[in-house]
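What follows is the residue order along each chain.
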Amino acid sequence: QRRVTSTTDIMAATWAFVAECPSIGGRGLFARAPLVAGQAICEYGGPRLPLPLQTRDGKYVLQLPRTRVFVDGNCDNVPG
């Protein structure tokens, strides 16, 4: 079991948890309480990429709903 060592860890632990998720073949992040439509749950500081650049699926790829934009947290699809 990992020890909580920072305020960020404590905040994350209060609203979400990580658990095995067989449907995606790994682990997923799950909310501890219902979320309201449009509610922000985090801030992403990486590149937002146009969908045609997605050449590989990855563990950390997420298409933004109702857009042709995706983010790749592992940078597998980031050019150059």
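Caption draft 1: Here's a closer look at the side chain of Asp72. For Asp72, the location among the structural elements is in strand β5 (residues 69-72). With a relative accessible area of 0%, Asp72 lands in the buried category. Excluding anything up to four places from it in sequence, Asp72 contacts Tyr44, Tyr60, Val61 and Asn77.

Caption draft 2: Representation of the sheet that holds strand β3 (residues 48-50) within the structure. In spatial order, the strands read β3-β5-β4; together these three strands make up an open sheet with antiparallel pairing. Where the open sheet ends on each side, the last strands, each with one partner, are β3 and β4 (61-63). Neighbouring strand axes in the sheet, compared pairwise and without regard to direction, differ in orientation by 35 degrees on average. Note that β3 and β5 share three bridges and pair antiparallel. Within β5, the residue paired with Pro50 across the bridge is Val69.

Caption draft 3: The arrangement of the confidence of the model for the chain in detail. Of the residues in the chain, 80% have a pLDDT of 70 or more, and the chain-wide mean is 76. Per-element confidence in the chain is highest for β3, whose mean pLDDT is 88, and lowest for helix α1 (residues 7-15), whose mean pLDDT is 57.

Caption draft 4: Representation of the packing of aromatic side chains within the structure. One pass over the full model with this rule turns up one aromatic pair. Ring plane angle 25 degrees and centroid distance 5.6 Å describe the contact between Phe17 and Phe30, whose orientation is recorded as stacked. One end of the pair, Phe17, is in strand β1 (residues 16-21); the other, Phe30, is in strand β2 (residues 26-31), with 13 residues separating them in the sequence. Residue class for Phe30 comes out partly exposed when judged on its relative accessible area of 31%.

Caption draft 5: Structural context of the environment of Val78. Tracing the backbone shows Val78 in the segment after β5. Considering only alpha carbons, one finds Val78 and Leu53, 25 residues apart in sequence, at a separation of 7.8 Å. Beyond its immediate stretch of four places on either side in the chain, Val78 contacts Pro47 and Leu49.

Calculation notes
Residues numbered from 1 in each chain as written. Predicted model: local features only at pLDDT ≥ 70, side-chain atom pairs only at ≥ 80, totals over all residues. Heavy atoms only, no water. Helix = DSSP H or I, 4+ residues; strand = E, 2+ residues; numbered from the N terminus. Buried < 20%, exposed > 50% of the residue type's maximum accessible area, 1.4 Å probe, protein only. Contact = heavy atoms within 4.5 Å. Pairing = 2+ DSSP bridges. Axes fitted to C-alpha atoms, helices over the stretch in contact; angles between N-to-C directions. pLDDT = per-residue confidence, 0-100. Phe/Tyr/Trp six-rings, centres within 6.5 Å; stacked < 30°, edge-to-face > 60°.

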